[in-house]
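# Remarks on the overall topology
The primary structure of each chain is shown beneath.
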Amino acid sequence: MNAHVHTPAPLAEDNVGAWLKTLAKYRQPRIGRSAFELIVTAVPFVGFWAIAYFSLVYGFWYGLAAIIAAAAFLLRLFMIQHDCGHGSFFARRGIDDWTGRVIGVLTLTPYAYWRRAHAAHHASAGNLDERGVGDITTLTVAEYRALSPMNRLGYRLYRHPLVMFGIGPAWLFLFKQRLPFGMMNCGALPWVSTMGTNLAVVTLAGLMMWIVGVGPFLMIHLPIVLLSGAAGIWLFYVQHQFEDTHWSIGDDWQFPKAALHGASHYDLPLALRWLTGNIGIHHVHHLSSRIPYYRLPEVLRDHPQLAGIGRISLWQSLQCVRLVLWDDRRQKLVSFRESAAAAA
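Residues numbered from 1 in each chain as written. Predicted model: local features only at pLDDT ≥ 70, side-chain atom pairs only at ≥ 80, totals over all residues. Heavy atoms only, no water.

### Remarks on the overall build of the protein chain
- Looking only at helices and strands, one finds 16 helices and five strands in the protein chain.
- Computed over the C-alpha atoms, the radius of gyration of the protein chain is 21 Å, within 12% of the 20 Å expected from 2.2 N^0.38 for a compact globule of 344 residues.
- Along the first, second and third principal axes, the C-alpha set of the protein chain runs to 60 × 50 × 45 Å.
- Out of the 344 residues in the protein chain, the part that is buried amounts to 48%.
- Considering only residue pairs separated by 6 or more positions, the protein chain has 71% of its internal contacts joining residues 24 or more positions apart.
- Carbon together with sulfur atoms contributes 68% to the accessible area of the protein chain, which is approximately 16,200 Å² in total.
- Taking the average place of the 29 positive charges on the side chains of the protein chain and the average place of its 20 negative ones, the gap between the two points comes to 6 Å. (Helix = DSSP H or I, 4+ residues; strand = E, 2+ residues; numbered from the N terminus. Rg over C-alpha atoms; globule rule 2.2 N^0.38 Å. Buried < 20%, exposed > 50% of the residue type's maximum accessible area, 1.4 Å probe, protein only. Contact = heavy atoms within 4.5 Å. Areas by Shrake-Rupley, 256 points an atom, 1.4 Å probe, with all protein chains shown as cover. Lys, Arg positive; Asp, Glu negative; His and termini not counted. Charge placed at Lys NZ, Arg CZ, Asp CG, Glu CD.)

### Looking at the packing of aromatic side chains
- For the structure on display, the rule yields 18 aromatic pairs.
- Relative to Tyr155, the ring of Tyr144 lies with its centre 6.1 Å away and its plane at 50 degrees, an arrangement referred to as tilted. One end of the pair, Tyr144, is in helix α6 (residues 141–145); the other, Tyr155, is in helix α7 (residues 149–159), and 11 residues separate them in sequence. For the pair formed by Tyr144 and Tyr155, the shared burial category is buried. (Phe/Tyr/Trp six-rings, centres within 6.5 Å; stacked < 30°, edge-to-face > 60°.)

### Looking at the nonpolar core
- Of all hydrophobic cores here, the largest spans 31 residues; its most connected members are Phe45, Trp49, Leu74, Ile80, Phe89, Ile220 and Ile224.
- For this core, the secondary structure elements donating two or more residues are α2 (31–58), α3 (66–85), α4 (93–107), α9 (188–212) and α10 (214–238).
- It is α3 that provides the largest number of residues to this core, a total of nine residues.
- Aside from chain neighbours lying at most four places away, what touches Phe45 is Ala70, Phe73, Leu74, Leu77, Leu106, His221 and Ile224.
- Core analysis: the second largest hydrophobic core is formed by 24 residues, Phe78, Trp114, Met164 and Cys320 among them. (Core = buried A, V, L, I, M, F, W, Y, C linked by side-chain atoms within 4.5 Å.)

### Brief notes about the UniProt feature "transmembrane region" (unreviewed entry) in the protein chain
- Taking the numbering used here, the UniProt-annotated feature "transmembrane region" (unreviewed entry) corresponds to residues 35–54, 60–78, 157–175, 187–212 and 218–238.
- For residues 60–78, the end-to-end C-alpha separation is 29 Å, with 68% helix and 0% strand making up the annotated structure.
- As annotated, residues 187–212 comprises 96% helix and 0% strand, and the C-alpha atoms at either end are separated by 39 Å. (UniProt positions renumbered as here; feature names shortened; annotations may be inferred.)

### So, the pattern of salt bridges
- If you walk through the whole model with that rule in mind, you get 13 salt bridges.
- The closest approach of N and O atoms between Arg30 and Glu298, which form a salt bridge, is 3.0 Å. Of the two residues, Arg30 is situated in the loop between α1 (13–22) and α2 and Glu298 in helix α14 (residues 296–302); the sequence distance between them amounts to 268 residues.
- The class for Arg30 is partly exposed, based on a relative accessible area of 39%.
- Linking Lys332 and Glu243 is a salt bridge whose minimum nitrogen-to-oxygen distance equals 3.3 Å. Of this pair, Lys332 sits in strand β5 (residues 332–334) while Glu243 sits in the loop between α10 and α11 (255–262), and the two are 89 residues apart along the sequence.
- Because the salt bridges share partners, they merge into one network encompassing Arg30, Arg295 and Glu298. (Salt bridge = Lys/Arg side-chain N within 4 Å of Asp/Glu carboxyl O.)

What follows is the structure, encoded as structure tokens:
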């Protein structure tokens, strides 16, 4: 089955820009709802972590399935951290920032450092001139063909699913985010964020090891972090790496169009939609990032014409893994095989 995404005819440019005004009314969070979302995510995470621990200690091995559930709720905590980074969860900068910092200790993600990189991603998504910060490296067909054989091999390895979703989470969350790579010369803030998070992580991990033991802590928490990290990278991947995504260059790049057509509507089953904080409604999120995640379904309910733009199903998303190069002639992502066939 082809991973081609069938979408309705693109909206006219003036209409795309008008969405910014239309969506403004959804930007106000409901403070009670935000607090509720935080509680119903953090409490189950702690609960499933405890279940996994007692299952390990008392030999109820089937209870270790709670690790998977804890990873799912850690992923959801990251979605709250994500909204805090956009200032959309409580819409009070101080509360959002401290909520994001605390969650960042659990997700091993330095909050201020990540927030700056993610803001760069939002400001440049779909712009071929501005790749490299907060996104997945994507080469054009011409760029790939110009590489040396060794560099081509390196790019193929980087884009291989086992590396991207297997080694990638361990590298990103355990090592890369321990130093402000990409922002070494951007002032003190990235350093303070990463070093402060590292200190808090070491302190919390040391306390947990003292309480439950070194072995049990590592046997439980490392799989939780790696599973949630792999799921997070997968979500970020399919939200931009689908066949009919939008990339442009120079003056052709325009934010509203790149936001609406360069991000997918990952139409997940209801339970997965809840666990992932509606992040699959990614095209709307990119168009108006200050909308709290729990209000994104309201947008699709009130404006159903948005639901079909960039829509990919769970099954279709599995086939997006093979799409690795941007073909600027055909204006779509293609596989290595398709690129080679076109060259031949």
